[in-house]
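Below, each chain spelled out in residue letters.
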Amino acid sequence: MRVNVLGITIDSYSMQEAVAEIRKAIEDQLSLRVVTANPEMIYESRKNPRLRELINSADLVTPDGIGVVWAAARLGTPVQERVTGIDLVQSLFPVADQQRWRIFFLGGKPGVALQAARQVALKYPGIVWGESHGYFNEEEEVDLLEKIITFQPDILLVGLGAPRQEYWNAEHPELARVSIGVGGSFDALAG
Ligand code: UDP
């Protein structure tokens, strides 16, 4: 079920259900665009109709923040639990390890995505990974798109910050089976 919080529609899936949806999309070769909607994004989307439309048209929108969970409950349409970007990726890694999924880490300052991917691969060696930092100009973007397309990710993790990562994922549906905006998650994963 999807519930409406201040004009943004949020899926009431638990973490486990969100992981199951993503797994199913990869297995069925469907494409899935995921937004982890935090309170700042919901607030911003009230003034920014394009962002609101991009979030509401995503295939999976998770409540990224306890404030979103509370707001949904107060509106009489509770969601099951908070599903943040970092928690979602942490829950996907064991499945990715087992299934040998290909994950591309895009975003963060130079070296951060690389460090994050290496840390993840130490724990989950079954994951096949690629990476790029998130500070590229238009010319470099052409090479970056080529690199991602060649890599053929099952999952593209995009940590360019909101709302840029949401625009990026909506504009490039062809890059991966599943694309997820993950904010500053690589900074956390890099340690
Ligand atoms: N970032 C990037 N390219 C940019 C601007 C930002 O890759 O042009 C990265 C930045 O290094 C950080 C992330 O995007 O890793 C944004 O994280 P932040 O926690 O500020 O954003 P949020 O989680 O609130 O979306």
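Everything discussed here concerns the structure shown above.
The following refers to the structure shown. (Residues numbered from 1 in each chain as written. Predicted model: local features only at pLDDT ≥ 70, side-chain atom pairs only at ≥ 80, totals over all residues. Heavy atoms only, no water.)

## A few points about the nonpolar core
(1) Moving on: Of all hydrophobic cores here, the largest spans 34 residues; its most connected members are Ile22, Leu88, Phe93, Phe105, Ile155, Leu157 and Ile180.
(2) Moving on: Ranked by size, the runner-up nonpolar core spans 18 residues in total, among them Met41, Ile42, Val68 and Ala72. (Core = buried A, V, L, I, M, F, W, Y, C linked by side-chain atoms within 4.5 Å. Buried < 20%, exposed > 50% of the residue type's maximum accessible area, 1.4 Å probe, protein only.)

## With respect to the sheet that holds strand β7 (residues 155-159)
Neighbouring strands of a sheet are bound in pairs by backbone hydrogen bonds; such pairs are parallel or else antiparallel.
(1) Moving on: Reading across from one edge, β4-β3-β8-β7-β5-β6 is the order of the six strands in this open sheet, with parallel pairing throughout. Among the strands making up the open sheet, the edge pair consists of β4 (60-63) and β6 (128-132). Shown here is a sheet whose adjacent strand axes are inclined to one another by a mean of 15 degrees, direction ignored.
(2) Moving on: When strand β3 (residues 32-37) meets strand β8 (residues 178-181), the two strands line up parallel, connected through three bridges. What sits directly across from Val34, in β8, is Ile180.
(3) Moving on: Seen against the sheet, helix α6 (residues 112-123) touches β5 (102-107) and β6 and runs at an angle of roughly 165 degrees to β6. (Pairing = 2+ DSSP bridges. Helix = DSSP H or I, 4+ residues; strand = E, 2+ residues; numbered from the N terminus. Axes fitted to C-alpha atoms, helices over the stretch in contact; angles between N-to-C directions. Contact = heavy atoms within 4.5 Å.)

## Quick word on the pattern of salt bridges
Side-chain pairing between opposite charges can occur once the charged atoms of the two side chains come close.
(1) Moving on: Here the structure, examined in full by the defined rule, presents four salt bridges.
(2) Moving on: In this structure, the salt-bridge partner of Arg23 is Glu27, at a minimum N-O distance of 2.9 Å. Here Glu27 and Arg23 lie together in helix α1 (residues 15-27), a separation of four residues that amounts to about one turn.
(3) Moving on: Residue classification places Glu27 among the partly exposed residues on the basis of a relative accessible area of 47%. (Salt bridge = Lys/Arg side-chain N within 4 Å of Asp/Glu carboxyl O.)

## A closer look at the pairing of β4
(1) Moving on: Residues Leu60 and Thr62 line one face of β4 and the alternating positions Val61 and Pro63 line the opposite face, and both faces are buried.
(2) Moving on: As paired elements, β3 and β4 share four bridges and run parallel to each other. From the neighbouring strand, Val35 faces β4, where its bridge partner is Val61.

## Brief notes about the site of the ligand
(1) Moving on: Every one of the 13 residues lining the ligand counts as a neighbour, but Gly108, Gly134, Ala162, Arg164 and Asp187 are closest to it.
(2) Moving on: Ala162 places a main-chain nitrogen or oxygen 3.1 Å from an oxygen atom of the ligand.
(3) Moving on: Here an oxygen atom of the ligand sits 2.5 Å away from a polar atom, N or O, in the side chain of Asp187.
(4) Moving on: By residue class, the composition of the shell around the ligand is three nonpolar, seven polar and three charged. (Near = heavy atom within 4 Å. Polar contact = N/O pair within 3.5 Å; in protein donor to acceptor, adjacent residues only side chain to side chain. Nonpolar A, V, L, I, M, F, W, Y, C, P; charged D, E, K, R; others polar.)

## Let's talk about a negative patch on the surface
(1) Moving on: Negative charge collects at one region of the surface, where Glu17, Glu21, Glu81 and Asp87 lie side by side.
(2) Moving on: Assignment of secondary structure puts Glu81 in the loop between α4 (66-74) and α5 (85-99).
(3) Moving on: Overall, the relative accessible area of 32% leaves Glu81 in the partly exposed class. (Patch = residues over 30% accessible without salt bridge, like charges linked within 9 Å, V, L, I, M, F, W, Y side chains within 5 Å. Areas by Shrake-Rupley, 256 points an atom, 1.4 Å probe, with all protein chains shown as cover. Lys, Arg positive; Asp, Glu negative; His and termini not counted. Charge placed at Lys NZ, Arg CZ, Asp CG, Glu CD.)

## Some thoughts on the environment of Gly107
(1) Moving on: For Gly107, the location among the structural elements is in strand β5.
(2) Moving on: For the pair formed by Gly107 and Phe186, sequence separation is 79 residues and the distance between their alpha carbons is 7.5 Å.
(3) Moving on: In contact with Gly107, not counting residues within four places along its chain, are Ala113, Ser132, His133, Gly134, Gly159, Leu160 and Phe186.

## Things to note about the packing of aromatic side chains
(1) Moving on: Tallying each qualifying case throughout the model produces five aromatic pairs.
(2) Moving on: Ring plane angle 40 degrees and centroid distance 6.0 Å describe the contact between Phe93 and Tyr124, whose orientation is recorded as tilted. Of the two residues, Phe93 is situated in helix α5 and Tyr124 in the loop between α6 and β6; the sequence distance between them amounts to 31 residues.
(3) Moving on: Look at Phe93 and you get buried, because its relative accessible area is 1%. (Phe/Tyr/Trp six-rings, centres within 6.5 Å; stacked < 30°, edge-to-face > 60°.)

These values are about where atoms sit, not about what they do.
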